[in-house]
Amino acid sequence: TNVVAGETFGVPWYVDTRVLFYRKDLLARAGYAEMPGDWAGWRAAMVAIVKQQGPGHTAILLPVNEWTVPVVLGLQAGSPLVDEQASRARFTGPEFKRALTFYIGLFKDGLAPAVANTEIANLYQEFARGTFAMYITGPWNISEFKNRMPDSLQGAWGTAPLPGPDGPASGVSTAGGSSLVLFKASKHKAEAWQFVEFLMRPESQARFFTLSGDLPARRDAWLDSALVNDPRSAAFRTQLERVRTTPRLPEWEFIATRLQERAEAVARGAQSPDSAMAGLDRDVDTILEKRRWLMARQAAR
């Protein structure tokens, strides 16, 4: 995420991605010793969990007012989201269609409830009750689940890398986190760089993880006992080897919002998938109109 046009602009400070938090006990009762690595197996496990749990339960919580999961599934399916110039949308392509079909199928078949996160009073309580057995989220929730799950269920939940459409290798997730940048106009470059070097030391990164839960960017910092002895962090370590960036555009947040709105309309049955994807392409092409104008002006110089 720090490399633009072949040039590095920042140093990763801490890293972030999304993995699957799940109830190991409910998965085992459904007949699965571990989380499947591909979409077909993952879906079959969800079907088995709902069948085993009975009415009033679903397999996974996918809040419809969040854009992360549809984007992750699109990236997993090989969708570029936008064209090579990042000037036109590519959501009507077969890759994103495959991802959206899988995503919407989870709602259509009762494996996920079509609700926003604001419609869940307390996701930790509902996770403990078994209302849903899976949730895709980030590393900050390791400590939250440890603090909020009852003592009797502390050994009943875990984390796993995301399954992929064609197996574990295709199970990518988003690349995120925070980076350190030295401003060109800084009057204290030497001192600033000294501070960056301090923050990037393995022991500093490990200490920062202990204090904040943010994951180290340095691989050697993962050798610290706090991470080595935490099995729930292991899924993140694996997932961080399989990440993709979202399009590096100033307009990305606008695009992500439109994507979430279109996906939610389909999940709630208000719009067909094909209509939503076509509408999303139109939305994004409008958002990127100024970018195309600027590119045309630059090319004409």
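A brief report on the enclosed structure follows. Small disclaimer: the values here were computed from a predicted structure and weren't measured.

## Here we look at the side chain of Arg23
Here comes step 1: Locating Arg23 in the fold gives a position in strand β4 (residues 19-23).
Here comes step 2: With residues near it in sequence (within four places) discarded, Arg23 still touches Phe127, Ala128, Arg129, Gly130, Ala133, Met149, Leu153, Ala156 and Trp157.

## Let's talk about the pattern of salt bridges
Here comes step 1: Enumeration according to the criterion identifies 17 salt bridges in this entry.
Here comes step 2: Linking Arg29 and Asp25 is a salt bridge whose minimum nitrogen-to-oxygen distance equals 3.8 Å. Linking Arg29 with Asp25, this pair stays in helix α1 (residues 24-29), spanning four residues, or about one helical turn.
Here comes step 3: Take Arg29: its relative accessible area is 52%, and that puts it in the exposed class.
Here comes step 4: By relative accessible area, Asp25 is classed as buried at 18%.
Here comes step 5: Arg98 is the salt-bridge partner of Asp166, the closest N and O atoms lying 3.0 Å from each other. Of this pair, Asp166 sits in the loop between β7 (157-160) and β8 (173-174) while Arg98 is found in helix α4 (residues 94-108), placing the two residues 68 residues apart along the sequence.
Here comes step 6: The class for Arg98 is partly exposed, based on a relative accessible area of 38%.

## A short note on the packing of aromatic side chains
Here comes step 1: One pass over the structure, following the stated rule, counts 17 aromatic pairs.
Here comes step 2: Taken together, Phe21, Tyr124, Phe127, Phe132, Tyr135, Phe145, Trp157 and Phe236 form an aromatic cluster joined through their ring pairs.
Here comes step 3: Across from the ring centre of Trp157, 3.6 Å away, lies the NZ or CZ of Arg232, which sits over that ring.
Here comes step 4: For Arg237, the ring lying beneath its charged end belongs to Trp222, and the centroid distance is 5.9 Å.

## Observations concerning unusual backbone geometry
Here comes step 1: Positive phi, normally seen in glycine, also occurs at Leu81, with a value near 70°.
Here comes step 2: Structurally, Leu81 can be placed in the loop between α3 (68-76) and α4.
Here comes step 3: Looking at Leu81, the relative accessible area reads 0%, which means it is buried.
Here comes step 4: Despite not being glycine, Ala86 has its phi angle at roughly 55°, a positive value.
Here comes step 5: With respect to the secondary-structure elements, Ala86 resides in the loop between α3 and α4.
Here comes step 6: Judged by its relative accessible area of 12%, Ala86 is buried.

## Quick word on the nonpolar core
Nonpolar side chains in soluble globular proteins tend to end up buried together.
Here comes step 1: In this structure, Trp42, Ile60, Leu62, Phe91, Tyr103 and Met134 are the most contacted members of the largest nonpolar core, which totals 57 residues.
Here comes step 2: Elements supplying a minimum of two residues to this core: β4, α1, α2 (39-53), α3, α4, β6 (134-137), α11 (252-267) and α12 (273-287).
Here comes step 3: The leading source of residues in this core is α4, at eight residues.
Here comes step 4: If we ignore the near neighbours within four places in the chain, the residues touching Ile60 are Leu20, Trp42, Met46, Leu111, Ala112, Pro113, Phe132, Met134, Tyr135 and Ile136.
Here comes step 5: Within the second largest apolar cluster, 24 residues are counted, among which are Val19, Phe21, Phe145 and Phe209.

## Looking at the sheet that holds strand β5 (residues 60-61)
Here comes step 1: Spatial ordering of the open sheet is given by β5-β6-β4-β7, a layout of four strands whose pairing is mixed. Here the strands that pair on one side only, and so sit at the sheet edges, are β5 and β7.
Here comes step 2: Of the pairings in the sheet, the one linking β4 to β6 comprises four bridges and is antiparallel in character. By the bridge assignment for β6, Tyr22 is matched with Met134.
Here comes step 3: Here helix α10 (residues 231-239) sits on the sheet in contact with β4, β6 and β7, set at roughly 15° to β7.

## Notes on the sheet that holds strand β10 (residues 215-216)
Here comes step 1: Across the sheet, three strands lie side by side as β9-β3-β10; this open sheet has antiparallel pairing. With one partner strand each, in any of the chains shown, β9 (176-180) and β10 form the two edges of the open sheet.

## Considering the pairing of strand β3 (residues 11-16)
Here comes step 1: With five bridges connecting them, β3 and β9 associate as antiparallel partners. Bridge pairing links Val11 to Leu180 in β9.
Here comes step 2: Here two bridges tie β3 to β10, and the two strands are oriented antiparallel to one another. Considered in β10, the bridge of Tyr14 is made with Pro216.

Calculation notes
Residues numbered from 1 in each chain as written. Predicted model: local features only at pLDDT ≥ 70, side-chain atom pairs only at ≥ 80, totals over all residues. Heavy atoms only, no water. Helix = DSSP H or I, 4+ residues; strand = E, 2+ residues; numbered from the N terminus. Contact = heavy atoms within 4.5 Å. Salt bridge = Lys/Arg side-chain N within 4 Å of Asp/Glu carboxyl O. Buried < 20%, exposed > 50% of the residue type's maximum accessible area, 1.4 Å probe, protein only. Phe/Tyr/Trp six-rings, centres within 6.5 Å; stacked < 30°, edge-to-face > 60°. Lys NZ or Arg CZ within 6 Å of the ring centre and 35° of its normal. Core = buried A, V, L, I, M, F, W, Y, C linked by side-chain atoms within 4.5 Å. Pairing = 2+ DSSP bridges. Axes fitted to C-alpha atoms, helices over the stretch in contact; angles between N-to-C directions.

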